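Chain and residue survey
So you can see what is in the structure, the chains are spelled out below.
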Amino acid sequence: MRAAILREQGVPVKIEQVDLDGPEQGEVRVQLVGAGACHSDYHRISGHVDFGTVPYILGHEGSGIVKEVGPGVSTVAVGDHVIFSLTAQCGRCRNCHDGKANLCEFWVLGKATLPTGRRPFSQDGVELYADLATFAEETVVPETYLVKIREDIPLEKACLIGCGVMTGVGAVLNRAKVEAGSTVVIIGCGGVGMNVVQGAVLANAGKIIAVDKVQFKLDMAESVGATHFIDASKEDVVKRVMDLTNGGADYAFEVIGFPQTVRQAFDCIRPGGTCVMVGVPFKGQDIAVPGMKLFWDRTVMGTFYGAGRPKTDFPWMLDLYQDGRLKLDELATKVRPIEEFNEAFDDMNAGTAIRTVFTF
Ligand SMILES: [Zn+2]
Ligand SMILES: [Zn+2]
């Protein structure tokens, strides 16, 4: 069975043959159908974030079909179509009960093992590290990471819900709770930023102002519903936003992960406005804003995984897709076999793809 293995940061990833043990108590074996290439995979590959657990099987956005269930599994069955969730949704912890499943206390992603500490992937008897391992033909995960979905939607499209769509749309609807008629700025229109635009459309926002340095991404933002566009390589973003909004936006979403762009988002909002950091910040970096501006009822808000409640949110998002109200086809700008792994991340860096979906 093939999988994309990160052996050393900064070195091209190879597709290699691996072995996979079957599911144990509460675990499920899934055959992957689609898997999205996400910027956080790239952070690991490139060495932008320290990453000690190698050799590591990459991938966290994915969809597939259940092949085998371990003892005690009750929420999915063989043959079910499923999407992987970034976070467990155990349904028993305090945060799950409180409607904050994105903060489930049984979240282990990033440990690079199953919750039990087990590592089901190996190569010539040597155990490999993995989290959800969606860049493999098959993977084994706890059932709490899987959401069963309707079967009439192509899995190569549905996979996008699992990370980028949940994060972006959820940031607007679940976390910031943008009101109809609000003015919304989106700084950074990549795979997640596009979904912040979509969330703003679903919230019936008034002006939806897309900001990026790449014209292709601004064009894509238009295709999913942005109404105004600022090329940050040519224009003064804050000044343009002030002009467009008569003194500041109600909401500004930062979808890159740099302190300077969070500050820029903050500077775009009016008194009483909300700045939402969606981008993943680099470790150890502080976010600073001017105290007097904050004093005027402005809010700086973090959001992890779009305050997602996967078992609740994935199904309605797919219903919206089927009804033509949430766009997925436009997001998956390229489909590639897993063998073209490194090319997909070259596209990402060149800004020529919003999302590449790997097939197996
Ligand atoms: Zn992701
Ligand atoms: Zn929980």
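Residues numbered from 1 in each chain as written. Chains lettered and ligands numbered in written order. Predicted model: local features only at pLDDT ≥ 70, side-chain atom pairs only at ≥ 80, totals over all residues. Heavy atoms only, no water.

If you trace the backbone, D231 turns up in strand β15 (residues 228-231). Accessibility expressed as a relative area gives 9% for D231, which makes it buried. (Helix = DSSP H or I, 4+ residues; strand = E, 2+ residues; numbered from the N terminus. Buried < 20%, exposed > 50% of the residue type's maximum accessible area, 1.4 Å probe, protein only.)

Examined bridge by bridge, strand β19 (residues 332-337) and strand β20 (residues 355-359) share five bridges and lie parallel to one another. Of the residues in β20, the one forming a bridge with K334 is T356. One crossover worth recording links β19 to the parallel β20 by way of helix α11 (residues 341-350), and it is right-handed. (Pairing = 2+ DSSP bridges. Right-handed = clockwise from strand over helix to strand, strands pointing away.)

With that settled, consider the nonpolar core. Formed by 73 residues in total, the largest nonpolar core has its most connected members in I161, V165 and F253. Mapping this core onto the domain boundaries places at least three of its residues in each of domain 1 (2-148 + 330-359) and domain 2 (169-303). (Core = buried A, V, L, I, M, F, W, Y, C linked by side-chain atoms within 4.5 Å. Domains from an automatic or database assignment.)

This part takes up the domain arrangement of the protein. Interfaces are frequently sized by the accessible area removed from exposure as the parts join. When cut into domains, the protein gives domain 1 (2-148 + 330-359) and domain 2 (169-303). Taken over C-alpha atoms, the centre of domain 1 sits 29 Å from the centre of domain 2. Residue-level contacts link 10 residues of domain 1 with 13 residues of domain 2. When the two sides are added together, the surface that domain 1 and domain 2 hide from each other amounts to roughly 910 Å², 75% of it contributed by carbon and sulfur. Applying the counting criterion to the domain 1 and domain 2 interface returns zero salt bridges. Our count for the domain 1 to domain 2 interface comes out at zero residue pairs in polar contact (both at pLDDT 80 or more). Among the residues forming the side of domain 1 that touches domain 2, the class breakdown is three nonpolar, five polar and two charged. (Contact = heavy atoms within 4.5 Å. Buried area = accessible area lost by both parts, 1.4 Å probe. Salt bridge = Lys/Arg side-chain N within 4 Å of Asp/Glu carboxyl O. Polar contact = N/O pair within 3.5 Å; in protein donor to acceptor, adjacent residues only side chain to side chain. Nonpolar A, V, L, I, M, F, W, Y, C, P; charged D, E, K, R; others polar.)

Right, let's get into helix α6 (residues 215-223). Those residues of α6 that fall on the buried side of the exposure criterion are K217, L218, M220 and A221. What you see down the axis of α6 is that its buried residues fit within an arc of 160°, all on one side. Against the buried residues of α6 lie α5 (193-202), β14 (208-212), β15 and β19. Just downstream of α6, G225 is the residue with a positive phi angle, here 125°. (Arc of directions from axis to C-beta.)

In this section: the coordination of the zinc ion (ligand 2). Distances from the zinc ion (ligand 2) to its protein donors, C90 (SG), C93 (SG), C96 (SG) and C104 (SG), fall within 2.3 to 2.4 Å. The site at the zinc ion (ligand 2) holds four donor atoms, and with the angles between them running 105 to 116°, its shape is tetrahedral. Donor residues for the zinc ion (ligand 2), ordered by position in the chain, follow C-x2-C-x2-C-x7-C. A residue is classified by how much of its surface remains accessible, and C90, at 13% relative accessible area, is buried. (Donors = N, O, S within 2.8 Å, 3.2 Å for Na, K, Ca; no water. Tetrahedral: all angles 85-135°; square planar, octahedral: opposite > 155°, others 65-115°.)

What follows is about the environment of V335. On the secondary structure map, V335 appears in strand β19. Sequence separation between V335 and T356 is 21 residues; the distance between their C-alpha atoms is 5.5 Å. Setting aside residues no more than four positions away along its own chain, V335 makes contact with V357 and T359.

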